[in-house]
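Single-letter residue listing:
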Amino acid sequence: MAAFLLLSENRFDRFDAIRTPDREGRALNRIQHINCGTLLVTGYPTVVCHCLLLEGEQGLVLIDSGIGLADVRDPVGRLGQELIDMAGFQFHEHDTAVRRVQSLGFSVDDVKHIVLTHCDPDHTGGLADFPAAQIHVAAEEIQQVRAGHWRYVSSHFEHGPRWETYARGTCDWFGLESRPVQVGAGLDVRLIPLNGHTLGHCGVAVRQEQGWLLHVGDAYYLRAELTEDNHPVAALAAQRADDDARRRDSLAELRRLYTEHANEIELCGYHDLSELPEPLE
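What comes next is a walk through the structure. (Residues numbered from 1 in each chain as written. Predicted model: local features only at pLDDT ≥ 70, side-chain atom pairs only at ≥ 80, totals over all residues. Heavy atoms only, no water.)

### A few points about the overall build of the chain
Stage number 1. Of regular secondary structure, the chain possesses 8 helices and 14 strands.
Stage number 2. The 281 residues of the chain split such that 56% are buried.
Stage number 3. Of all intrachain contacts in the chain linking residues separated by at least 6 positions in sequence, the fraction that spans at least 24 positions is 65%.
Stage number 4. Counting only carbon and sulfur atoms, one obtains 45% of the accessible surface of the chain, whose full area is about 11700 Å². (Helix = DSSP H or I, 4+ residues; strand = E, 2+ residues; numbered from the N terminus. Buried < 20%, exposed > 50% of the residue type's maximum accessible area, 1.4 Å probe, protein only. Contact = heavy atoms within 4.5 Å. Areas by Shrake-Rupley, 256 points an atom, 1.4 Å probe, with all protein chains shown as cover.)

### Concerning helix α8 (residues 244–260)
Stage number 1. For α8, built from 17 residues, the straight-helix expectation of 24 Å at 1.5 Å per residue is met to within 8% by its first-to-last C-alpha distance of 24 Å.
Stage number 2. Of the positions making up α8, those classed as buried are R247, S250, L251, L254 and L257. Down the axis of α8, the sector holding all buried residues measures 115 degrees, keeping them to one side. Of the residues in α8, the exposed ones pointing more than 90 degrees away from the buried face are D249, T259 and E260.
Stage number 3. Tucked inside the fold, the buried residues of α8 contact β9 (171–173), β10 (176–181), β13 (212–215), α7 (233–240) and β14 (265–268). (Expected span 1.5 Å × (residues − 1). Arc of directions from axis to C-beta.)

### Observations concerning the pairing of strand β4 (residues 59–63)
Stage number 1. With 5 of 5 residues buried, β4 lies mostly within the body of the structure.
Stage number 2. Judged from the 5 bridges that link them, strand β3 (residues 47–56) and β4 form a sheet pairing that is antiparallel. Bridge pairing in β4 places L52 opposite I63.
Stage number 3. Connecting β3 to the antiparallel partner β4 that follows it, the hairpin turn spans 2 residues.
Stage number 4. Summarising the sheet, β4 and strand β6 (residues 111–115) pair through 4 bridges and their orientation is parallel. (Pairing = 2+ DSSP bridges.)

### A few points about the packing of aromatic side chains
Stage number 1. Applying the stated criterion to the full structure yields 4 aromatic pairs.
Stage number 2. Judged by centre distance (6.1 Å) and plane angle (15 degrees), the ring pair of F89 and F91 falls under stacked.
Stage number 3. Each member of the aromatic cluster is reached from another via a ring pair, and the members are W173, F174 and W212. (Phe/Tyr/Trp six-rings, centres within 6.5 Å; stacked < 30°, edge-to-face > 60°.)

### Describing the pattern of salt bridges
Stage number 1. Tallied over the entire structure, the rule returns 17 salt bridges.
Stage number 2. Notably, a salt bridge pairs D229 with R255, separated by 2.8 Å at the nearest N-O pair. Of this pair, D229 sits in the loop between β13 and α7 while R255 is found in helix α8, placing the two residues 26 residues apart along the sequence.
Stage number 3. We classify D229 as exposed; its relative accessible area is 59%.
Stage number 4. With a relative accessible area of 22%, R255 lands in the partly exposed category.
Stage number 5. For R248, the salt bridge identified is with D244, shortest N-O distance 3.0 Å. Of this pair, R248 and D244 both sit in helix α8, 4 residues apart, roughly one helical turn.
Stage number 6. Since its relative accessible area comes to 45%, R248 is described here as partly exposed. (Salt bridge = Lys/Arg side-chain N within 4 Å of Asp/Glu carboxyl O.)

### Side note on the environment of Q102
Stage number 1. Here Q102 is to be found in helix α4 (residues 97–103).
Stage number 2. A distance of 2.7 Å separates the side chain of Q102 from the side chain of R99, its partner in a polar contact. (Polar contact = N/O pair within 3.5 Å; in protein donor to acceptor, adjacent residues only side chain to side chain.)

Note that all results are geometric; they support no functional claim without further evidence.
Right, dumping it as structure tokens:
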């Protein structure tokens with residue numbers, strides 16, 4: 001969950017709608033960058049919930065799900081006042097994944113899969129709005145959810161998500177472990193373990209026409225962390241981590257990718273407003 005209070009000033013507007021052709025030139029997917037939630041603490045900048053929507057031949061794939069309709073309609077019942085106050089949740093129906101999807105001309109049933117970076121409540125609120133979707137997540141993460149870890153909100157899972165879990169894999173992805181996610185023909189989507197923020201936290205890599213897009217989830221809060229060793233947000237990131245040593249190792253790997261593979265991998269995170277290609281409504 002993100003309750004950080006600082007944002008990068010760098011604009012990140014290279015991502016818009018990206019079409020990826022197969023070998024015969026057909027468009028396999030279109031990547032939409034959508035905001036599915038807003039967090040605001042008085043006196044500090046706005047924090048967003050930056051999700052991805054992939055258009056595949058067999059339906060839509062959502063990367064993380066933001067704040068849900070049930071959160072908007074019953075905030076205290078779903079999340080509790082203490083969490084709302086601490087994280088600064090804002091509740092606007094247009095700021096939900098289901099309304100974003102519908103505004104793009106799709107239906108709820110078009111969303112066939114949701115891939116989660118992790119299960120913090122600002123990432124899972126929208127799951128119940130897509131009850132037929134298959135939910136893909138790292139095995140280590142769902143283990144913590146089922147064990148009742150304090151950071152997860154059980155109300156987000158009461159509808160009975162259709163879980164598909166992924167254990168440790170053997171595929172190499174730029175020197176990191178990758179776990180291919182089964183989201184339909186023509187889409188190459190992988191969970192990339194970036195543990196530490198939570199014990200099962202992963203990035204989600206999506207193959208593009210030229211290279212990859214890696215959604216890093218909360219492996220960094222701010223893009224500035226890729227280049228600044230002592231950014232003020234580091235203290236909060238450490239406080240929110242289940243394993244801070246592993247979180248710092250994951251951040252070091254992202255810095256390596258950013259430095260050594262800038263021409264092959266685009267990075268974006270979940271919370272930095274400057275990384276959304278379009279301004280908030």
